[in-house]
Each structure stands twice: as C-alpha cells, then as structure tokens.
Amino acid sequence: MSGLPLPDGTGERTVRLRWRRASEVIGARMRAPLVLAALILAVLILALAGCSALHAPPPDPIAPLLGTEWVADDLGGRGVVANLQSTLRFDAADKVSGRGGCNRYAGPLTQQDGEVHIGPLAGARIACPPAVMDQEVRFLIALQKVRRIELREGDKLVLLDDTGAALITMSR
C-alpha cells in the first residue's frame, strides 16, 4: 500500500478503503420509500392485468369452423332420413350455406352477447317427397333457433338452443 502526500507536503498518510454494500450506503430512510414505491407499482401492474383478463373477449366458436361442411346425424332427437344429407357449411365468419335435404339455402351468421344467430335463411322451394320436405323444414327451423355451437371430440358439431338443448348433431 502506498501512502498519499499530506496537503502541506510533509509526508505521507496511509488510506484504507473499505467496500460497503449498497444497503449500508442507502440508509433506512431512503430504503423505505423505495420499497413502498416498488410495492405500489407491483399492485398496480397486477390490478391492470386482472382488469384486462376480465374484459377479454370470449373465444370465437365460429373461427375453427370456417370453410368446413357438416352433415346432420340427428335432428331434434328424431334421427334423419337415411341417405338424405342436410348440410351446413361455414362459408365466412358471417355467412352459412348448405342443403336442407332437397333445396339449397344460404343466410347470415351473427354473434351477439355470446350467442350465435343463423338466419333469416333464403333458398329455393322445389317440391320433394313428403319425408324429405319434412326433414328439410325441421332442419331449417332448427338452424334458426341455434344460439350456441359446440365442437365435440373434433368431429362432432352440436347446435344448441337458448336452453342448452341439442337441436342438431352433425359430423364431417
């Protein structure tokens, strides 16, 4: 260790340096406001994160269905006519189309307040055998009562009414 000259130039003086931790340098008076500020900041960040989670939009039930076409397997618990296909195609986020069994149809698809609405539907009115027409009419009426859509097991689509009852069960 070398010494430092004294201000009057008469010799040297030895200086020892001691390293101190930041906590020793910053006194208790300064630490308390810093801790309080950090705590307030953490609470604000958590509160804002919680608020954004509460206002997150519900998942879009239509997005995974875009471009897919489904065939009715069951209509109101009464089954469907064998070899007759009543179909539903999700053309866009706001449009559906398909076949009722005899005639083609198309119409709007809307989502409002967590509910799905299909219709009003427009289509041709070609006469078909009574059993075919019965299924088509029941299918088109049921489509317009849909309020919720659930994709189950990846290959089953269930269209539900406002009470949660299954109106139509469909497969790809």
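All values reported here derive from a predicted model rather than from experimental measurement.

**Student:** What is the right way to look at the pattern of salt bridges in this model?
**Tutor:** Where charged atoms from two side chains of opposite charge approach closely, those side chains can pair. Across all of its chains, the model carries 6 salt bridges by this definition. Taken together, the salt bridges that share partners define one network made up of Arg78, Asp134 and Arg138.

**Student:** Got a minute to help me understand the side chain of Gln135 in this structure?
**Tutor:** By the element assignment, Gln135 lies in helix H3 (residues 130-145). The class for Gln135 is buried, based on a relative accessible area of 1%. For Gln135, the side chain forms a polar contact with the main-chain nitrogen of Val81, separated by 2.6 Å. Setting aside its immediate chain neighbours within four residues, Gln135 contacts Leu75, Val80, Val81, Leu84, Ser86 and Gly100.

**Student:** Would you mind showing me how to read the packing of aromatic side chains here?
**Tutor:** Given two aromatic rings, their pairing is described by the distance between the two centres and the angle made by the two planes. A full pass over the atoms with the stated rule returns 1 aromatic pair. Summarising the aromatic geometry, the rings of Tyr105 and Phe139 are spaced 6.2 Å apart at their centres and angled 65 degrees between planes, so their arrangement reads as edge-to-face. Pair noted here: Tyr105 is in strand S6 (residues 104-112) and Phe139 is in helix H3, with a separation of 34 residues, a long-range link.

**Student:** When you look at a nonpolar patch on the surface in this model, what are you seeing that I'm missing?
**Tutor:** Nonpolar side chains collect at one region of the surface, where Leu36, Leu39, Ile40, Val43 and Leu44 lie side by side and expose about 480 Å² of accessible area between them. Of note, Leu36 is situated in helix H2 (residues 28-54).

Cut-off values and rules
Residues numbered from 1 in each chain as written. Predicted model: local features only at pLDDT ≥ 70, side-chain atom pairs only at ≥ 80, totals over all residues. Heavy atoms only, no water. Salt bridge = Lys/Arg side-chain N within 4 Å of Asp/Glu carboxyl O. Helix = DSSP H or I, 4+ residues; strand = E, 2+ residues; numbered from the N terminus. Buried < 20%, exposed > 50% of the residue type's maximum accessible area, 1.4 Å probe, protein only. Polar contact = N/O pair within 3.5 Å; in protein donor to acceptor, adjacent residues only side chain to side chain. Contact = heavy atoms within 4.5 Å. Phe/Tyr/Trp six-rings, centres within 6.5 Å; stacked < 30°, edge-to-face > 60°. Patch = residues over 30% accessible without salt bridge, like charges linked within 9 Å, V, L, I, M, F, W, Y side chains within 5 Å. Areas by Shrake-Rupley, 256 points an atom, 1.4 Å probe, with all protein chains shown as cover.

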